[in-house]
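Tertiary structure, described
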Amino acid sequence: MRSGVQRGAIAVVQVFGLAVWFSVSAVVPTLRQEWGISAAAAVWLTGSVQLGFVAGAVGSSLLNLADRIRPHLLLAVSAALAAGWTLLLAGLVDGMAAAIPLRFLTGMCLAGVYPVGMKLMASWAPSRGRGLAMGLLIAALTTGSSLPHLIGGLGSLPWRAVLVAAACTGLLGALVAVTAVRPGPHLAASAAVHNPRYALTMFTERGPRLANLGYFGHMWELYALWTWIPTFLLASEAGRDLPSSTGITVFVTIGIAGAIGCLLGGWGADRYGRSPAAVAALVISGACCVLSPLAFDAGPAVLVAFCVVWGAAVIADSGVFSTSLSEAADPRFVGTALTAQTAIGFALTVVSIQLVPLLADAVGWRFAFLMLAPGPFIGAIAMGRLGSRRAR
């Protein structure tokens, strides 16, 4: 009973704490008009968060923070600081010069929310049920990340109000973390050992290396899709006639379909194995990349249905990679391994987020998502090899 309550509390913290992640991205159209910035400049409102996350995750890995500090306290402080930087941006900032550093600091703090939440969730889940538990965590991440799109899509709120709402949600997550969340019995007793080199030495082990390669292919696609799916929809002829606003459609794609996909992926990982579940999701999302030019010219109903399938598949395997690494890595350094994995994965997202609009400028938005296809297919190959290794 207690494990179920703790898993629920950790998931709630992720939903609330990660609401600030795409808070600025959700209001980019308004900011472009008000601040007079180009699409290329607006990319950095998301890219700076990703870079900040990478910097925070690398620092956390080198210092083994996730394995040396009581994780629920690190989680609470990180969520509160991320919300604080967002509040500061909402209240005082009027241009890119101040917005970019604040978004970078927000990303740094989020490195203490997501990876630490993974460790806490793993601490309350035995191996036989860890896939579904991680699926719940990633479902919470998708819902929280898409909340600003829902907030902005439900009404004509000023952009500052959207950011304040997201920040207050993040502060509530910090409160839940410090009052309700505690580490579980499946944490390694010797977790406080300091070994910053494990962030790199884990790649010398075949199991962690393949799990990481699968994750990197997944990340090449995921955040570029999340960042540019609103623009893809607006550029589509069908997108201009969608039965609901773009913000609501994006929330359904990322938040609702993504959450369902995460739970299905976690269930599949426990029922059929980590590798088969990951390979299935990667192949489906890779196929969506390839088929996106056809969906671009489809009718509104087909386009929304396509986005729902893609939104579910693109994130369904995320918890599977975390689960696989938590089981393959040295149990003394699970927090460090997960943090290093996310650091490298998010560094890749900065590249793919930048490349998509460049390709769109050259060939149009209809074909822009084709460049994401290699990621999930390479990831599928790596996870297939991981599955064959475990089968022997």
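Residues numbered from 1 in each chain as written. Predicted model: local features only at pLDDT ≥ 70, side-chain atom pairs only at ≥ 80, totals over all residues. Heavy atoms only, no water.

Turning our eyes to something else, we now look at the overall build of the chain. Within the chain one finds 17 helices and zero strands. Here the chain has a C-alpha radius of gyration of 19 Å; the compact-globule value for 392 residues is 21 Å, and the two agree. Along the first, second and third principal axes, the C-alpha set of the chain runs to 55 × 45 × 35 Å. Buried positions account for 58% of the 392 residues belonging to the chain. Intrachain contacts of the chain at a sequence separation of at least 6 include 85% that bridge at least 24 residues. As displayed, the chain has an accessible area near 14300 Å², and 70% of this comes from carbon and sulfur atoms. (Helix = DSSP H or I, 4+ residues; strand = E, 2+ residues; numbered from the N terminus. Rg over C-alpha atoms; globule rule 2.2 N^0.38 Å. Buried < 20%, exposed > 50% of the residue type's maximum accessible area, 1.4 Å probe, protein only. Contact = heavy atoms within 4.5 Å. Areas by Shrake-Rupley, 256 points an atom, 1.4 Å probe, with all protein chains shown as cover.)

Attention now moves to helix α15 (residues 318–328). Taken across its 11 residues, α15 has nine buried, putting it largely inside the fold. Within the sequence span of α15, burial applies to Ser 318, Gly 319, Val 320, Phe 321, Ser 322, Thr 323, Ser 324, Leu 325 and Ser 326.

Relative to the elements of secondary structure, Leu 132 occurs in helix α8 (residues 130–153). Owing to a relative accessible area of 39%, Leu 132 belongs among the partly exposed residues under this scheme. Taking the C-alpha atoms as reference points, Leu 132 and Cys 307, 175 residues apart in sequence, are found 24 Å from one another. With residues near it in sequence (within four places) discarded, Leu 132 still touches Leu 263, Gly 266, Trp 267 and Asp 270.

Further remarks concern a nonpolar patch on the surface. Taken together, the side chains of Val 283, Val 290, Leu 291, Leu 294, Val 363, Phe 367, Leu 370 and Phe 377 define a hydrophobic patch exposed on the protein surface, amounting to about 650 Å² of accessible area. The element contributing the most residues to the nonpolar patch is helix α13 (residues 274–296), with four residues. (Patch = residues over 30% accessible without salt bridge, like charges linked within 9 Å, V, L, I, M, F, W, Y side chains within 5 Å. Salt bridge = Lys/Arg side-chain N within 4 Å of Asp/Glu carboxyl O.)

Our focus in this paragraph is the environment of Ala 257. Mapped onto the fold, Ala 257 is located in helix α12 (residues 246–272). Given the relative accessible area of 4%, Ala 257 is considered buried. With 20 residues separating them in the primary sequence, Ala 257 and Ala 277 have C-alpha atoms 17 Å apart. With residues near it in sequence (within four places) discarded, Ala 257 still touches Val 252, Val 308, Gly 311 and Ala 312.

We now examine the domain arrangement of the chain. Segmentation of the chain into domains returns domain 1 (1–182) and domain 2 (199–391). The gap between the C-alpha centroids of domain 1 and domain 2 is 19 Å. Roughly 3500 Å² is buried in total at the junction of domain 1 and domain 2, and carbon and sulfur atoms are behind 71% of that figure. When the buried area of domain 1 at its contact with domain 2 is split by residue, Val 43, Gln 50 and His 149 rank highest and sum to 14% of it. Here domain 1 is connected to domain 2 by zero salt bridges. Contributions of two or more residues to the side of domain 1 that touches domain 2 are made by α3 (39–63), α4 (65–68), α7 (114–123) and α8. Looking at the side of domain 1 that touches domain 2 element by element, the count peaks at 17 residues for α8. Of the residues assigned to the side of domain 1 that touches domain 2, the class counts are 22 nonpolar, 16 polar and four charged. (Domains from an automatic or database assignment. Buried area = accessible area lost by both parts, 1.4 Å probe. Nonpolar A, V, L, I, M, F, W, Y, C, P; charged D, E, K, R; others polar.)

Turning our eyes to something else, we now look at the packing of α12 against helix α14 (residues 300–316). The geometry of α12 relative to α14 is characterised by a closest axis approach of 7 Å and an angle of 45° between their N-to-C directions. By the angle between their directions, the pair α12 and α14 is classed as oblique. Of the two elements, α12 crosses α14, and the hand of that crossing is right-handed. For the pair α12 and α14, the contacting residues are Thr 249, Val 252, Thr 253, Ala 257, Gly 258, Gly 261, Cys 262, Gly 265 and Gly 266 in the first and Val 304, Cys 307, Val 308, Gly 311, Ala 312, Ile 315 and Ala 316 in the second. A breakdown of the residues in the contact of α12 with α14 according to their chemical character gives nine nonpolar, seven polar and no charged. (Axes fitted to C-alpha atoms, helices over the stretch in contact; angles between N-to-C directions. Parallel < 35°, antiparallel > 145°, perpendicular 65-115°, else oblique. Left-handed = near helix turned anticlockwise from the far one by under 90°.)

What follows concerns the side chain of Ser 352. Among the secondary structure elements, Ser 352 is positioned in helix α16 (residues 334–363). A relative accessible area of 0% means that Ser 352 is categorised as buried. Polar contacts involving the side chain of Ser 352 include one to the main-chain carbonyl oxygen of Trp 220, which spans 3.0 Å. With residues up to four places along the chain from it excluded, the contact list for Ser 352 reads Met 219, Trp 220, Ala 224 and Leu 372. (Polar contact = N/O pair within 3.5 Å; in protein donor to acceptor, adjacent residues only side chain to side chain.)

So, about the pattern of salt bridges. Going through the model one piece at a time under the given rule, you end up with three salt bridges. Among the ionic pairs, Asp 297 bridges to Arg 366, the shortest N-O distance being 3.1 Å. Of this pair, Asp 297 sits in the loop between α13 and α14 while Arg 366 sits in the loop between α16 and α17 (374–391), placing them 69 residues apart in sequence.

It is worth spelling out the packing of aromatic side chains at this point. Applying the stated rule across the entire model yields 20 aromatic pairs. Look at Trp 267 and Tyr 272: their rings are 5.7 Å apart centre to centre, the planes differ by 85°, and that puts the pair in the edge-to-face class. Among the aromatic residues, those joined into a cluster by ring pairs are Trp 21, Phe 22, Phe 53, Tyr 114, Tyr 223, Trp 226 and Phe 346. (Phe/Tyr/Trp six-rings, centres within 6.5 Å; stacked < 30°, edge-to-face > 60°.)

Tracing the sequence through the fold places Gly 345 in helix α16. According to the relative accessible area criterion, Gly 345 is buried, its value standing at 0%. In this structure the C-alpha to C-alpha distance between Gly 345 and Ser 322, which are 23 residues apart in sequence, comes to 12 Å. Residues within four places of Gly 345 in sequence aside, it is in contact with Tyr 215, Phe 216 and Met 219.

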